[in-house]
Amino acid sequence: LRTVKTSANFLGKNLASQLAPTAEDLQRYNLNQGTANKLEQIGRAFITTAKAFKLGLTQSVMMPVMRDDPHGAFNDMNNLRNTVAQLGKMFDEFMNDLMLIPDPVCSARNLADNIVLTVHGDTPKNPRDRGGWPDGTPNNSNWLYVMGNGHLKTGWFGGVRANGDTDGFDPTTGDIVQNQQSNATSAPAGAAVAYAIAKGDMRRV
């Protein structure tokens, strides 16, 4: 009965005003009329995500980002630098917001202490060719960026060498494995993310 009453109370609320970015939020995130739409969408999503976390509405958010054509990114270095700076500003403010929200499962910590972030896409670009930045990566390699908040070993595992050779990694030791195919580490990489989300509880993974 208590669960039903709580659910009915939740569904009966209009949460739009509590989740909407305020003018102060937009100013902190440096979102204004001159902000590119692809960046404004990310900033607004961050703001709403922090508010949803604070209200206990969800524990996970996935968002599509930068849905434009990046192939000519290096043709305008000033715009590229501004884009990177704005992304950094929004990530900083998102973490600042999370610092003010207690972790509901650990009162001694805040959400910034325990948040797990991943960044990935359908295909990266060839890091050895900035002209046109072609989609075909060396050895069909792919990569995943993870902020594990202390539950994962830091560093870069595998990679693309200057000569075009690629390295993978041993999922057990983290050691480099030369010329390893990316499908050999896709499942272990996903498991590492799950491990960070589970705060190091291997049973949950």
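Because the structure is predicted, anything quoted here is derived from the model rather than measured.

Asker: Can you walk me through helix α4 (residues 37-54) in this structure?
Answerer: Residues lying three or four places apart along an α-helix face the same way, a consequence of the helix completing one turn every 3.6 residues. End to end, α4 covers 26 Å across 18 residues, agreeing with the expected 26 Å (1.5 Å per residue, within 8%). Of the surrounding secondary structure, the elements contacted by the buried residues of α4 are α2 (16-19), α3 (23-28), α5 (77-99) and α6 (111-114). Once α4 ends, the next one or two residues include G56, with phi positive near 70°.

Asker: For this particular structure, what's the right way to read the nonpolar core?
Answerer: Generally speaking, soluble globular proteins have nonpolar side chains that are buried together. If you look at the biggest cluster of nonpolar residues, it comprises 18 residues, and the most contacted ones within it are Y29, M90, F94 and L98. The set of elements that each furnish at least two residues to this core consists of α4, α5 and α6. The leading source of residues in this core is α4, at six residues.

Asker: Quick question: what am I supposed to make of the packing of α4 against α5 here?
Answerer: In a pair of packed helices, the angle between the axes and the distance between the axes together describe the arrangement. Running from N to C, α4 and α5 point in directions that differ by 5°, and their axes come no closer than 10 Å. By the criterion of interaxial angle, the relationship of α4 to α5 is roughly parallel. The residues of α5 that touch α4, namely those facing L39, I42, G43, F46, T49, A50 and F53, are T83, Q86, L87, M90, F91, F94, D97 and L98.

Asker: Would you mind going over the side chain of D103 with me for this structure?
Answerer: Relative to the assigned elements, D103 resides in strand β1 (residues 102-103). Buried charge D103 goes without a salt bridge, the closest partner of opposite sign being K199 at 4.1 Å. If we ignore the near neighbours within four places in the chain, the residues touching D103 are R109, N110, L111, N114 and K199.

Asker: Would you take a moment to explain the pairing of strand β6 (residues 166-169) for this structure?
Answerer: Along any regular strand the residues' side chains alternate between the sheet's two faces. Burial along β6 is two-sided: T166 and G168 and D167 and F169, pointing in opposite directions, are all buried. Judged from the two bridges that link them, strand β5 (residues 159-160) and β6 form a sheet pairing that is antiparallel. Following the sheet pairing, G159 is matched in β6 by D167. Here β5 folds back onto β6, and the loop between the two strands holds five residues, one of which, G164, carries a positive phi near 100°. Alignment of β6 against strand β7 (residues 176-178), held across three bridges, turns out to be antiparallel. Counted as the bridge partner of F169 is I176 from β7. Where β6 folds back on β7, the antiparallel hairpin that results is connected by six residues, among which G174 adopts a positive phi of roughly 85°.

Asker: Which parts of the structure should I look at to understand the packing of aromatic side chains?
Answerer: Ring pairs (aromatic) are described by centroid distance and by the angle formed between their planes. In this structure the tally under the stated criterion is five aromatic pairs. Consider the rings of F74 and W133, whose centres lie 5.0 Å apart with planes at 70°: the pair is edge-to-face. Within this pair, whereas F74 is found in the loop between α4 and α5, its partner W133 is found in the loop between β3 (117-119) and β4 (145-147), the two being separated by 59 residues in sequence. A relative accessible area of 23% means that W133 is categorised as partly exposed. Ring pairs connect the aromatic residues F46, F91 and F94, which therefore count as one cluster.

What counts and how
Residues numbered from 1 in each chain as written. Predicted model: local features only at pLDDT ≥ 70, side-chain atom pairs only at ≥ 80, totals over all residues. Heavy atoms only, no water. Helix = DSSP H or I, 4+ residues; strand = E, 2+ residues; numbered from the N terminus. Expected span 1.5 Å × (residues − 1). Contact = heavy atoms within 4.5 Å. Core = buried A, V, L, I, M, F, W, Y, C linked by side-chain atoms within 4.5 Å. Buried < 20%, exposed > 50% of the residue type's maximum accessible area, 1.4 Å probe, protein only. Axes fitted to C-alpha atoms, helices over the stretch in contact; angles between N-to-C directions. Parallel < 35°, antiparallel > 145°, perpendicular 65-115°, else oblique. Lys, Arg positive; Asp, Glu negative; His and termini not counted. Salt bridge = Lys/Arg side-chain N within 4 Å of Asp/Glu carboxyl O. Pairing = 2+ DSSP bridges. Phe/Tyr/Trp six-rings, centres within 6.5 Å; stacked < 30°, edge-to-face > 60°.

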